[in-house]
Amino acid sequence: WHSWRAGGGEFSYTRTPVDSSGNTWVAISGYTSGTTAPAKSNTFNIGFSAETVYDGTYEGVITLATNDPLKETVEIPVTLSVTGIPDIALSETEVDFGNVIIGNSKTVGITVTNPGSAKLKVSSVSSANGDFTPDDEKFDLEPKKNTTIIITYSPSTEGAVESLITFTSNDPESPDNSLTLKGTGLITPTVVTEADSLLLNLAVGEVITDTLTVLNTGGSDLIFTVDLSDVEAAIYPMYDSSFTFTK
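Residues numbered from 1 in each chain as written. Predicted model: local features only at pLDDT ≥ 70, side-chain atom pairs only at ≥ 80, totals over all residues. Heavy atoms only, no water.

**Details of the pattern of salt bridges**
What counts here: Only one rule defines a salt bridge in this text: a Lys or Arg side-chain nitrogen within 4 Å of an Asp or Glu carboxyl oxygen. Numbering of helices and strands starts at the N terminus; helices are DSSP runs of H or I of at least 4 residues and strands are runs of E of at least 2. Each residue is placed in one exposure class: buried if its accessible area under a 1.4 Å probe, protein chains only, is under 20% of its type's maximum, exposed if it is over 50%, and partly exposed if it falls in between.
Inspection of the entire model under this criterion finds two salt bridges. Glu-94 is the partner of Lys-182 in a salt bridge, and the nearest nitrogen-oxygen pair spans 3.4 Å. Of this pair, Lys-182 sits in strand 17 (residues 176–186) while Glu-94 sits in strand 10 (residues 94–101); the two residues are 88 residues apart in sequence, bridging distant segments of the chain. Look at Glu-94 and you get partly exposed, because its relative accessible area is 42%.

**Notes on the packing of aromatic side chains**
Put simply, the rule is: Any two of the Phe, Tyr and Trp rings considered here, Trp counted by its six-membered ring, make a pair once their centres fall within 6.5 Å; the pair's planes then place it as stacked at under 30 degrees, edge-to-face at over 60, or tilted in between.
The tally for this structure, following the rule as stated, stands at five aromatic pairs. A ring pair is formed by Trp-25 and Phe-48, whose centres lie 6.5 Å apart and whose planes are at 25°; its orientation type is stacked. Taken together, the positions of Trp-25 in the loop between strand 2 (11–16) and strand 3 (26–29) and Phe-48 in strand 6 (residues 45–48) put the pair 23 residues apart, joining distant regions of the chain. Ring centres 5.7 Å apart and planes at 45° place the aromatic pair Phe-97 and Phe-132 in the tilted group.

**What to know about the sheet that holds strand 15 (residues 146–153)**
Stated formally: Here a strand pair is declared whenever DSSP counts at least two bridges between the two strands.
Taken together, the four strands give an open sheet; going across it, the order is 9-11-15-13, and neighbouring strands pair in antiparallel fashion. On the outer flanks of this sheet lie strand 9 (89–90) and strand 13 (132–134), each paired with one strand and no other. Examined bridge by bridge, strand 13 and strand 15 share three bridges and lie antiparallel to one another. The partner of Phe-132 across the bridge, within strand 15, is Tyr-153.

As structure tokens, this is what we get:
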């Protein structure tokens, strides 16, 4: 920026820093104040930086206080337009839901972050397999913000499955960002006992051992616990136990 004086007397001035509302996008370097002789000039450097600002338009004013009786204050508007770049980052690249019984479901949260300098616009969150469903199909994220997308796995068939969920956005470097999903659907276990009840008649002092057989007629491992309840007296109690019956 250049100031000059064409009149007959000396020109005194004091510059005031740009009112940039706390931002560091513009700065003035040169004299803080000074005197310009007739027909002479002084030059100030105005520096602009988009290193610490985001996408948008920034405005400020350079104020020059002088001894010119007709222009004691000169205000020069300053405007900077910044073009930012959105960026998408996922907290995971692959999620394994493990074993899930058909009819049940399991959820996992994925954090989506915008480390860029412009608003991230996710226009689509699409699943290639209906067994995996996101809780949101599109959203926006301001720079340096994040959100959590909940993905649910509800197996419809037995066996292992692998699929993708794709985030389509305005990220110029990665417009389609995919997350690998894995899971295994299990057929529900089915418990069957060979006896619905046990009835024994013993003489006092007699001890015998009977058996209770538990069957699993389902398609995956049956996990259960055994204990005694509502027992009035037990000479040889059965303590709590856990068992796994394989299909």
